[in-house]
Amino acid sequence: MNIKNVYTILANRRLTHKTWVMTVQGDTEAITAPGQFVDIAIPEKYLRRPISICDFSHERGEITLLYDTVGEGTEAMSRMVAGDKLDMLNGLGNGFSVNPPSETPLLLGGGIGCAPLLGLARTLKNNGKDPIVILGYNTAADCFGMETWFEEIGVRAYVATVDDSLGTKGFVTDVIREKGIKGEYFQACGPMPMLQALCTGLDFPGEVSLECRMGCGFGACMGCVIQTVNGPRGICKYGPIFRKEELIWK
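A quick note: this is a predicted structure, and the numbers were derived from the prediction, not measured.

## Examining the overall build of the protein chain
Then comes step 1: Each helix and strand in the protein chain was counted, giving six helices and 15 strands.
Then comes step 2: For the protein chain, whose C-alpha radius of gyration is 17 Å, the value lies close to the compact-globule estimate of 18 Å for 250 residues.
Then comes step 3: Taken over the C-alpha atoms alone, the protein chain extends approximately 50 × 40 × 35 Å along its principal axes.
Then comes step 4: Within the protein chain, buried positions represent 52% of all 250 residues.
Then comes step 5: Of the contacts formed within the protein chain by residues at least 6 apart in sequence, a portion of 64% connects residues at least 24 apart.
Then comes step 6: Only carbon and sulfur atoms are counted for the fraction: they give 50% of the accessible area of the protein chain, which is about 11,300 Å².

See below:
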């Protein structure tokens, strides 16, 4: 069930030169698993903006969203303040597996794709798992300190930067090699080239959250279709989470 509702902004704070964290309050009933997303109506813009859910609390009725300012819609979001109202579709798409076939699943994030891993790590921890988080960025300036959020909930977190300005030099896979981390199952979100490299380069199973432009957000417009082993599938309706073996990379 998808919920269209009005949400109240509790806070909207800048983390880096382009990354913001927003907390909203309202109906969270439709959120059933980490990895789902919301679709936000922006005043005077025709299309809604899909944003992955970073974390949520049913008890407090709160949703945390991380977003980069990459266009007019997200720039408009960055100007919103506490007390403003959001017209938002909630609980869209499917979520990550919360009982994956590994006691120590690897949670791999790239850039703003790191966002949904927080709620996932919290849920896995509550389910008795011991996830390991690896966050990848281009430079230290792009890092928004999310590793400390994982440490606060007792989850190990590592950082990699392409330019060697923070953490391990290179990509999330370089951290796996450098730290001698044994992989059995991975759950990842980030840019498409990163996800393709993980799906084709890692020799163990996993699932990925695909990022793309969307139209409606719930499968009506067919604007976010990809090819899978099961035929064409809309990312918003059948995803954004897909198992590694489902995807056809070209």
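The discussion continues.
## Some remarks on unusual backbone geometry
Across residues other than glycine, the phi torsion is negative in most instances, and most of the peptide bonds are trans.
Then comes step 1: The omega torsion across Gly239 and Pro240 is 5°, close enough to zero to call that bond cis.
Then comes step 2: Inspection of the secondary structure puts Pro240 in the loop between helix H6 (235-238) and strand S15 (241-243).
Then comes step 3: Unlike most non-glycine residues, Glu44 shows phi in positive territory, near 70°.
Then comes step 4: Within the secondary structure layout, Glu44 lies in the loop between strand S3 (37-40) and strand S4 (49-57).
Then comes step 5: Taking relative accessible area as the criterion, Glu44 reaches 83% and is therefore assigned exposed.

## Focus on helix H5 (residues 192-201)
Then comes step 1: What H5 keeps buried is the set Met194, Leu195, Leu198 and Cys199. Viewed along the axis of H5, the buried residues span an arc of 130°, placing them on a single side of the element. Turned more than 90 degrees away from the buried face of H5 sit Pro193, Thr200 and Gly201, all of them exposed.
Then comes step 2: In this fold, the buried residues of H5 make contact with strand S7 (106-110), helix H4 (172-178), strand S11 (186-189) and strand S12 (206-209).

## Observations regarding the pattern of salt bridges
Then comes step 1: Summed over the entire model, instances satisfying the criterion amount to eleven salt bridges.
Then comes step 2: As a salt-bridge pair, Arg122 and Asp55 come within 2.8 Å of each other at their nearest N and O atoms. Here Arg122, found in helix H2 (residues 117-126), pairs with Asp55, found in strand S4; they are 67 residues apart in sequence, far enough to count as distant.
Then comes step 3: Residue classification places Asp55 among the buried residues on the basis of a relative accessible area of 8%.
Then comes step 4: In this structure, Arg156 and Asp130 form a salt bridge, with 3.2 Å as the shortest nitrogen-oxygen distance. With Arg156 in strand S9 (residues 156-161) and Asp130 in the loop between H2 and strand S8 (132-137), the pair connects residues that are 26 residues apart, well separated along the chain.
Then comes step 5: Here the salt bridges do not stand alone but share partners, grouping Lys125, Asp130 and Arg156 into one network.

## As for the pairing of S4
Then comes step 1: As judged from the four bridges shared by S3 and S4, these two strands associate in the antiparallel manner. Directly across from Phe37, in S4, lies its bridge partner Ser52.
Then comes step 2: Following S4, the chain reverses through four residues before pairing antiparallel with strand S5 (residues 62-68); Gly61 in that reversal takes a positive phi of roughly 65°.

## Concerning the packing of aromatic side chains
Then comes step 1: Per the stated rule, a full pass over the model turns up two aromatic pairs.
Then comes step 2: Between Tyr137 and Phe144 the ring centres are 5.6 Å apart and the planes differ by 85°, which places this aromatic pair in the edge-to-face class. Across the pair, Phe144 and Tyr137 agree in class, each one buried.
Then comes step 3: Judged by centre distance (6.0 Å) and plane angle (80°), the rings of Phe186 and Phe204 are edge-to-face. In this pair, Phe186 is assigned in strand S11 and Phe204 in the loop between H5 and S12, connecting sequence segments 18 residues apart.
Then comes step 4: Residue class for Phe204 comes out buried when judged on its relative accessible area of 10%.
Then comes step 5: If you follow Arg233 out to its NZ or CZ, it ends over the ring of Tyr238, 4.7 Å from the centre.

What counts, and at which threshold
- Residues numbered from 1 in each chain as written.
- Predicted model: local features only at pLDDT ≥ 70, side-chain atom pairs only at ≥ 80, totals over all residues.
- Heavy atoms only, no water.
- Helix = DSSP H or I, 4+ residues; strand = E, 2+ residues; numbered from the N terminus.
- Rg over C-alpha atoms; globule rule 2.2 N^0.38 Å.
- Buried < 20%, exposed > 50% of the residue type's maximum accessible area, 1.4 Å probe, protein only.
- Contact = heavy atoms within 4.5 Å.
- Areas by Shrake-Rupley, 256 points an atom, 1.4 Å probe, with all protein chains shown as cover.
- Arc of directions from axis to C-beta.
- Salt bridge = Lys/Arg side-chain N within 4 Å of Asp/Glu carboxyl O.
- Pairing = 2+ DSSP bridges.
- Phe/Tyr/Trp six-rings, centres within 6.5 Å; stacked < 30°, edge-to-face > 60°.
- Lys NZ or Arg CZ within 6 Å of the ring centre and 35° of its normal.

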